[in-house]
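Below, each chain spelled out in residue letters.
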2 protein chains.
Amino acid sequence: MKIICNKSNLVKGVSIVSKAVPSKTTMPILECILIDATMDIIRLTANDMELGIQTEIEGEIIEHGMIAIDAKIFSEIVRKLPDNEIVIETDNNLQMTITCEKAKFDISGKSGDDFSYLPIIEKNETVTISQFTLKEVIRQTIFSIADNESNKLMTGELFEIQNGILRVVSLDGHRISIRKIELKEPCEDRKIVVPGKTLIEISKILSGEAESEVCMYFTNNHIVFEFDNTIVVSRLIEGEYFKIDQMLSSDYETKVRINKRELLNCIDRATLLVKEGDKKPIIINIGDEVMELRIKSQLGSMNEDIMIHKEGKDLMIGFNPKFLIDALRVIDDEEVDLYLMNAKAPCFIKDEAENYIYLILPVNFNAI
Amino acid sequence: MKIICNKSNLVKGVSIVSKAVPSKTTMPILECILIDATMDIIRLTANDMELGIQTEIEGEIIEHGMIAIDAKIFSEIVRKLPDNEIVIETDNNLQMTITCEKAKFDISGKSGDDFSYLPIIEKNETVTISQFTLKEVIRQTIFSIADNESNKLMTGELFEIQNGILRVVSLDGHRISIRKIELKEPCEDRKIVVPGKTLIEISKILSGEAESEVCMYFTNNHIVFEFDNTIVVSRLIEGEYFKIDQMLSSDYETKVRINKRELLNCIDRATLLVKEGDKKPIIINIGDEVMELRIKSQLGSMNEDIMIHKEGKDLMIGFNPKFLIDALRVIDDEEVDLYLMNAKAPCFIKDEAENYIYLILPVNFNAI
């Protein structure tokens, strides 16, 4: 194989597919990127058997062929080369020579025949949304997946399509995050659970432009994302996702409208007094026009008043401050609405159209 | 005590003195900052018994007094307060109340009487250099102090004043870094060894402006730096520093002039093939007009040619690439001169006036 491509294209392509290279594996071939120039296009592929990514890069093919090469060392070398044309050449002994200006590297590759190709997925009906929307939806929900593997379904996100609406849900037993997107085109109803890791990696690759689109299509076991010159294939998590609709009530006894930035800054300050692992709640005391927040720990105590618009009853309620912070950080609105029932019932932070809903369970506290 | 000061002044002052707060200590009082408003100035002090820093901040004293307060929690609270006036008040039980807008923190302090004040140093003859110069000199030498404590003197830097010239030296057994500065005013000859930690911390505090000055003065056991509203007092390292002059020869058989950036980038690329802890040398082969660099490891091999101007003999010599990188990174010149004798003798990188000298010992290698 002999190919020529410019550095920035190669760096970009390698960086995209590297997202599917596992950090630890017992199979050395999985630590490789496949460079495939057997056809008239240069394709890079990486695949950890759960998540596979393939991308095309521009370049000139002088001699057809393919080779698998250690992703880490190849990526580091390519990054540090001068900003110019890079020539990649392999011989019959799987030795790869990388030349750029006067610099020349020789490293050993592996046979491309040992490489696991991406599964071939039949393109059925596709769902199309903008890269911007997909990236935003992931950012606004991914923080509330569970990070331990004891309940596999909680490590993923529900993608539910119903009546032309895509609903993305994550939950970890203490809170639920929901984002709703109207699809531009009608589409068959379905429910799948996408691994959190897939969403985290794809969100790093997405350009986030509103004009660029992502096509998604599905099988029973896989989801495929296609955008730019890249294909991402991921296994799905098997099993039936949690029934959340019965937890979503629109009744409330207290509604609070509050400046998001003020509330976030205040809770952020309060958490200074909470050491990691310590489970001190922040206590919120809702009165007329003023909400008092206070926290007390071994380090000291803090209290602060914030002006609010209130409807309904006064209420005192405690929360894990981290859960409030996580939700408030991803909301872009200047003002947010909190809906509460009583000190034992969940708090809902949501907009009027319910494009986002954050449900947070309260915690017990001893009134100070 | 009751004082009022604005957030940015307080944050700046706390950040300065925090550099002298030890990360680990068995004496809780050392983890504190002393806020001293007993006189008509607000002074912050921290002192780990090796290094002490005191700074003055602007503010209004409503009630005189002083208190010692945990540096970490105080600094975090102050940083996260709104950008406005901060009121700090203490009661007779050493409780401190910090108020800013509607936020109010209560934390416990310690008695200022338990705090170790900075040693009182008599101001003898002072040496004055610009903040810019001191900061640069530290940056250009600090990388070659030894980081293990087995030879205490190697963890510091020699400050040697002779005939109106300040020479700063660091060495670690494999290399020596030397920077020379002409002092503006005559001054008594002396030789002291300043702890590396002191220099690292002071270089973080120095603004680095060429117009601002630093006054240094000395006792047998201490060095004092005075600048802006800040005083830094550090113990010296006792003992006689290494005699380096006999190692500095100006004889050479080969002189190479080379573009610094090209050389640095090339060595930087070459180190990709060297795993941490692996001691592969970079081999430099100096010929007429071309210098070839090559390296070989388990990961692969690399070679690159760089154009040079050469005087004298051809030479093949090996180095630890990290030592070359460290020296080249801090040299600001576009072109550098390398002076070499033979494959067993040190390489000197220096400018003509010898304002900087980097001596690097070569390593053995098996010619490939």
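Criteria and cut-off values
Residues numbered from 1 in each chain as written. Chains lettered and ligands numbered in written order. Predicted model: local features only at pLDDT ≥ 70, side-chain atom pairs only at ≥ 80, totals over all residues. Heavy atoms only, no water. Helix = DSSP H or I, 4+ residues; strand = E, 2+ residues; numbered from the N terminus. Buried < 20%, exposed > 50% of the residue type's maximum accessible area, 1.4 Å probe, protein only. Contact = heavy atoms within 4.5 Å. Areas by Shrake-Rupley, 256 points an atom, 1.4 Å probe, with all protein chains shown as cover. Lys, Arg positive; Asp, Glu negative; His and termini not counted. Charge placed at Lys NZ, Arg CZ, Asp CG, Glu CD. Buried area = accessible area lost by both parts, 1.4 Å probe. Salt bridge = Lys/Arg side-chain N within 4 Å of Asp/Glu carboxyl O. Polar contact = N/O pair within 3.5 Å; in protein donor to acceptor, adjacent residues only side chain to side chain. Pairing = 2+ DSSP bridges. Axes fitted to C-alpha atoms, helices over the stretch in contact; angles between N-to-C directions. UniProt positions renumbered as here; feature names shortened; annotations may be inferred. Disulfide = S-S within 2.5 Å. Least-squares fit on C-alpha atoms with pLDDT ≥ 70 in both. Phe/Tyr/Trp six-rings, centres within 6.5 Å; stacked < 30°, edge-to-face > 60°. Lys NZ or Arg CZ within 6 Å of the ring centre and 35° of its normal. Domains from an automatic or database assignment. Parallel < 35°, antiparallel > 145°, perpendicular 65-115°, else oblique. Left-handed = near helix turned anticlockwise from the far one by under 90°. Nonpolar A, V, L, I, M, F, W, Y, C, P; charged D, E, K, R; others polar.

Sorry if this is basic, but what is going on with the overall build of chain A here?
The helix and strand inventory of chain A stands at six helices and 26 strands. Expressed along its principal axes, the backbone C-alpha trace of chain A runs to roughly 80 × 50 × 35 Å. For chain A, the residues scored as buried account for 53% of the 368 residues in total. The long-range share in chain A, meaning contacts at least 24 apart out of those at least 6 apart in sequence, stands at 68%. Entry remark: accessible area of chain A is about 17,600 Å², with carbon and sulfur atoms responsible for 46%. Taken together, the 43 basic and 62 acidic charged side chains of chain A have centroids lying 6 Å from each other.

Any chance you could explain the interface of chain B and chain A here in plain terms?
By a widespread convention, an interface's size corresponds to the accessible area lost as its parts come together. Between chain B and chain A, the residue contacts involve 25 residues of the former and 25 residues of the latter. Across the chain B to chain A interface the summed buried area is about 2,300 Å²; carbon plus sulfur atoms make up 57%. Seen at the junction of chain B and chain A, the total is two salt bridges. Where chain B packs against chain A, one counts eight residue pairs in polar contact (both at pLDDT 80 or more). Those elements that place two or more of their residues in the side of chain B that touches chain A are helix 2 (71-80), strand 9 (103-108), helix 5 (260-270) and strand 21 (300-307) of chain B.

How do you make sense of the pattern of salt bridges when you look at a structure like this?
Where side chains of opposite charge bring their charged atoms close, a pairing between them can arise. All names here are of chain A. Counting across every chain of the model gives 52 salt bridges over all chains. The partner of glutamate 56 in a salt bridge is arginine 43, and the shortest N-O contact between them spans 4.0 Å. Separated by 13 residues along the polypeptide, glutamate 56 in strand 4 (residues 51-57) and arginine 43 in strand 3 (residues 42-47) bring together distant segments of the chain. Close ionic contact of lysine 191 with glutamate 160 constitutes a salt bridge, the shortest N to O distance being 3.8 Å. Placement of lysine 191 in strand 14 (residues 190-195) and of glutamate 160 in strand 11 (residues 156-162) is noted, with a sequence separation of 31 residues between them. Here the residues in one salt-bridge network are Glu160, Arg167, Lys191 and Asp245, joined through shared partners.

Even after reading the chapter, I still don't get the sheet that holds strand 9 of chain B, so can you show me in this structure?
Whenever strands of a sheet pair, they do so through backbone hydrogen bonds, lying parallel or antiparallel. If you trace the nine strands from one edge of the open sheet to the other, you get 23(A)-19(A)-20(A)-21(A)-9(B)-8(B)-7(B)-1(B)-5(B), paired in antiparallel fashion. Looking at which strands have only one partner, the edges of the open sheet turn out to be strand 23 (315-319) of chain A together with strand 5 (60-63) of chain B. Each strand axis lies, on average, 15° off the axis of its neighbour in the sheet, ignoring direction. Direction of pairing for strand 21 (residues 300-307) of chain A relative to strand 9 of chain B: antiparallel, over a ladder of five bridges. Residue glutamate 304 of chain A lies in a different strand from strand 9 of chain B, and its bridge partner there is alanine 103 of chain B. Packed onto the sheet, helix 5 (residues 260-270) of chain A meets strand 19 (282-286), strand 20 (290-297) and strand 21 of chain A together with strand 9 of chain B and runs at close to 175° relative to strand 21 of chain A. Packed on one face of the sheet, helix 1 (residues 7-18) of chain B meets strand 1 (2-6) and strand 7 (85-90) of chain B and runs near 100° to strand 1 of chain B.

Could you clarify how one ought to interpret the UniProt feature "domain: DNA polymerase III beta sliding clamp C-terminal" (unreviewed entry) in chain A in this entry?
What UniProt calls "domain: DNA polymerase III beta sliding clamp C-terminal" (unreviewed entry) maps, in this numbering, to residues 248-363 of chain A. Within the segment residues 248-363 of chain A, helix and strand shares are 18% and 44% respectively, and the terminal C-alpha atoms sit 18 Å apart.

How do you make sense of the state of the cysteines when you look at a structure like this?
Where two cysteines share a covalent bond between their sulfur atoms, that bond is called a disulfide. Taken as a whole, this structure holds zero disulfides over all chains when the rule is applied. Cysteine 215 of chain A takes part in no disulfide bond, and the closest cysteine sulfur, belonging to cysteine 187 of chain A, lies 12 Å away.

What am I meant to see in the UniProt feature "domain: DNA polymerase III beta sliding clamp N-terminal" (unreviewed entry) in chain A here?
UniProt marks residues 1-118 of chain A with the feature "domain: DNA polymerase III beta sliding clamp N-terminal" (unreviewed entry), using the numbering shown here. When the span residues 1-118 of chain A is considered, its composition is 19% helix and 42% strand, and the gap between its end C-alpha atoms is 21 Å.

Just checking my understanding: could you explain the pairing of strand 21 of chain B for this structure?
Looking along a regular strand, one sees the side chains alternate between the two faces of the sheet. Residue and element names in this part refer to chain B. Of the two faces of strand 21, the one lined by Gly300, Met302, Glu304 and Ile306 is fully buried and the one lined by Ser301, Asn303, Asp305 and Met307 carries no buried residue. Note: strand 20 (residues 290-297) against strand 21, eight bridges, orientation antiparallel. Paired with methionine 291 across the two strands is isoleucine 306, which belongs to strand 21.

Help me out: how do you make sense of the relation of the copies chain B and chain A in this one?
One copy of the chain maps onto the other through a rotation about an axis plus a displacement along that axis. In the superposition of chain B on chain A (RMSD 0.0 Å, axial shift 0.0 Å), the rotation amounts to 180°. Put plainly, the chains are arranged around a two-fold axis.

Help me understand the packing of aromatic side chains, please; the structure alone is not making it clear to me.
Tallied over the entire structure, the rule returns eight aromatic pairs over all chains. A ring pair is formed by tyrosine 241 of chain A and phenylalanine 242 of chain A, whose centres lie 5.1 Å apart and whose planes are at 70°; its orientation type is edge-to-face. Take tyrosine 241 of chain A: its relative accessible area is 6%, and that puts it in the buried class. Taken together, the ring pairs connect Phe143, Tyr356 and Tyr358 of chain A into an aromatic cluster. Positioned over the ring face of tyrosine 339 of chain A is lysine 350 of chain A, at 5.0 Å from the centre of the ring. The ring centre of phenylalanine 348 of chain B lies 5.6 Å from the NZ or CZ of lysine 350 of chain B, which sits over that ring.

How should I be thinking about the sheet that holds strand 17 (residues 230-235) of chain A in this particular structure?
Residues and elements named next belong to chain A. As summarised here, the arrangement of the eight strands in space is 6-2-3-4-17-16-15-10, forming an open sheet in which the pairing is antiparallel. Each end of this open sheet is capped by a strand with a single partner; those strands are strand 6 (66-70) and strand 10 (127-130). Strand-to-strand, the axes of this sheet are offset by a mean angle of 20°, without reference to chain direction. In this sheet, strand 16 (residues 222-227) lies alongside strand 15 (residues 213-218) in antiparallel orientation, the contact comprising four bridges. Bridging from a neighbouring strand, tyrosine 217 pairs with valine 224 of strand 16. Strands in contact with helix 2 (residues 71-80) are strand 2 (32-36) and strand 6; relative to strand 6, the strand with the most contacts, it is inclined by about 90°. Set on the sheet, helix 3 (residues 131-139) makes contact with strand 10, strand 15 and strand 16; between it and strand 10 the angle comes to about 85°.

Hey, could you run me through the domain arrangement of chain A in this one?
Residue and element names in this part refer to chain A. Domain annotation for chain A reports domain 1 (2-114), domain 2 (127-245) and domain 3 (249-360). Computed from C-alpha coordinates alone, the two centres of domain 2 and domain 3 are separated by 27 Å. Interface area for domain 2 against domain 3, summed over the two sides, is near 1,200 Å², with a carbon-plus-sulfur share of 50%. Inspection of the region where domain 2 meets domain 3 yields two salt bridges. Arginine 175 serves as the salt-bridge partner of aspartate 326, at 2.8 Å between the closest nitrogen and oxygen. At the junction of domain 2 and domain 3, the tally comes to nine residue pairs in polar contact (both at pLDDT 80 or more).

What should I look at first to understand the packing of helix 1 of chain B against helix 2 of chain B in this one?
The description of two packed helices rests on the angle between their axes and on the distance between the axes. All names here are of chain B. Running from N to C, helix 1 and helix 2 cross one another at 150°; their axes reach a closest spacing of 9 Å. Judged by the inter-axis angle, helix 1 sits roughly antiparallel to helix 2. Note on packing geometry: the crossing formed by helix 1 with helix 2 is left-handed. The segment helix 1 lies against helix 2, with Lys7, Leu10, Val11, Val14 and Ser15 engaging Phe74, Ser75, Val78 and Arg79. Along the lines of polarity and charge, the residues of the contact of helix 1 with helix 2 split into five nonpolar, two polar and two charged.

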